[in-house]
Structure formats: C-alpha cells, structure tokens
Amino acid sequence: GILADSVLEAGGEVIGVIIENMNTPALAHTRLTRMEVTATIHQRKARMYELADGYIALPGGFGTFDELFETLTWGQIGAHSKPVGLLNIEGYYDPLLEMLDRAVEEKFLFEEHRRSLLCASDPESLLESMKNHHHPHEAVRRWMRQD
C-alpha cells in the first residue's frame, strides 16, 4: 500500500489485480488508478504478467516467493524475456540468493539464469539494472535441449 500510495502521489498509475475472495476493505487498496478482480489466483497471475514490463519482488512471504519463482521459471523456459528483480532491503533476500548460488554450484541452475535475477538494495540501482537487462536467450535454448 505504501508503494502504491507513493506512485499515485507522484502522478503515476497503479493497477491492482486481486482475486474475488480477497477483494475486501481489509485487503484491497481502495485508491488505485484501476482495480481488476479475477476469479482465481492463476487468472490473477496471468493478468499481472500481461500488464507488467518487468517484475520486482519486495520482501514478502509465500505469495511473493510463489510469484517470484513462477516468473523466474517462465523466463527460464522462454515464456517471457522481461527483467525480474529483487529489492533486497536490509539483506532480506541474502539467504535466498545464497541458496540460488548453491543451486548453480550443484548444477541445478545455469549461471546465466541465476544472473538473470537482478538484485539491489535500493530502488534506483535495481531499476537501472532492469533497464539494462539482457535476457539469456542462449541459456534458454541450452536448457530446453538440456545440454
């Protein structure tokens, strides 16, 4: 909510996408530019992916992790080539990043896919990295062949 409010106060546009059973005064932001309501979480995610130019995960819980890894997986298989970033506030994502580095060491991830997850502790640096993002298309082809 704070991020949405800041964007709106700066004159930006904020589109919310929420599932029906979560569209309550306690959970839904009521002052967005537009709110779209979907029947299922799968429809919600598909609509968010359709609307987005890129993806940023702020510190969060299961829902954030689910959406982050689904987005990374879709990039890994070539379903999108949009930038994906972590806003690593106060080192929140450090343990996750260590686990991803271990997945590379253990040969569960290609290094190029690991590097495609952009990370910064401040929004400006993360946005700059996302602006300069180059999707690892060759790694996608290699992964799909399982070379």
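Computed from a prediction, not measured in an experiment: that's the story for all the values here.

(A) Geometry of the overall build of the protein chain. The helix and strand inventory of the protein chain stands at 7 helices and 5 strands. Helices and strands appear in the protein chain in the N-to-C order α-β-β-α-β-α-β-α-α-β-α-α. Whereas a compact globule of 147 residues would reach a radius of gyration of roughly 15 Å, the protein chain reaches 16 Å, a difference of no more than 12%. Once the C-alpha set of the protein chain is aligned to its principal axes, its extents read approximately 50 × 30 × 25 Å. Buried positions account for 34% of the 147 residues belonging to the protein chain.

(B) Structural context of the packing of aromatic side chains. Applying the stated rule across the entire model yields 4 aromatic pairs. Plain terms: the ring middles of Phe-65 and Tyr-93 are 6.5 Å apart, the flat faces sit at 75° to each other, and that makes the pair edge-to-face. Placement of the pair is Phe-65 in helix H3 (residues 62-76) and Tyr-93 in the loop between strand E4 (84-87) and helix H4 (94-105), with a sequence separation of 28 residues. We classify Phe-65 as partly exposed; its relative accessible area is 29%. Residue class for Tyr-93 comes out buried when judged on its relative accessible area of 1%.

(C) Expanded view of unusual backbone geometry. Even without a glycine there, the phi angle at Glu-90 is positive, about 50°. One non-glycine residue, Lys-107, adopts positive backbone phi at about 70°. Positionally, Lys-107 belongs in the loop between H4 and helix H5 (111-115).

(D) Molecular detail of the sheet that holds E4. Taken in spatial order, the 3 strands of this open sheet run E3-E4-E5, and their pairing is parallel. Bordering the open sheet on either side are strand E3 (55-57) and strand E5 (117-120), each of which pairs with just one other strand. Adjacent strand axes in the sheet meet at a mean angle of 25° when their direction is disregarded. One ladder, built from 4 bridges, connects E4 with E5; its direction is parallel. For Leu-86, the partnering residue across the bridge sits in E5 and is Cys-119.

(E) Inspection of the environment of Gln-43 at higher detail. Structurally, Gln-43 can be placed in helix H2 (residues 41-51). Gln-43 sits 74 residues away from Leu-117 along the chain, and the two C-alpha atoms are 24 Å apart. A polar contact of 3.0 Å, which involves the side chain of Gln-43, links it to the backbone nitrogen of Ala-39.

(F) Representation of the side chain of His-135. Here His-135 lies in the loop between helix H6 (123-131) and helix H7 (137-145). In this structure the side chain of His-135 is engaged in a polar contact, spanning 3.2 Å, whose partner is the backbone oxygen of Gly-75. The residues contacting His-135, other than those within four sequence positions of it, are Gly-75, His-80, Ser-81 and Val-140.

(G) Here's a closer look at the layout of surface pockets. Of the volumes computed, that of the largest pocket is approximately 1,800 Å³. If you go around the largest pocket, you meet 43 residues; those closest to its centre are Leu-3, Val-14, Ile-15, Met-48 and Ile-56. Of all the secondary structure elements, the ones that give two or more residues to the lining of the largest pocket are helix H1 (2-9), strand E1 (15-19), H2, E3, H3, E4 and H6. Among the residues forming the lining of the largest pocket, the class breakdown is 31 nonpolar, 8 polar and 4 charged.

So, how was this worked out
Residues numbered from 1 in each chain as written. Predicted model: local features only at pLDDT ≥ 70, side-chain atom pairs only at ≥ 80, totals over all residues. Heavy atoms only, no water. Helix = DSSP H or I, 4+ residues; strand = E, 2+ residues; numbered from the N terminus. Rg over C-alpha atoms; globule rule 2.2 N^0.38 Å. Buried < 20%, exposed > 50% of the residue type's maximum accessible area, 1.4 Å probe, protein only. Phe/Tyr/Trp six-rings, centres within 6.5 Å; stacked < 30°, edge-to-face > 60°. Pairing = 2+ DSSP bridges. Axes fitted to C-alpha atoms, helices over the stretch in contact; angles between N-to-C directions. Polar contact = N/O pair within 3.5 Å; in protein donor to acceptor, adjacent residues only side chain to side chain. Contact = heavy atoms within 4.5 Å. 1 Å grid on protein atoms, 1.4 Å probe; cavity = no way out; pocket = protein on both sides within 12 Å on 5 of 7 lines; lining within 4 Å. Points joined across faces, edges and corners; volume = space filled by probe spheres on them. Nonpolar A, V, L, I, M, F, W, Y, C, P; charged D, E, K, R; others polar.

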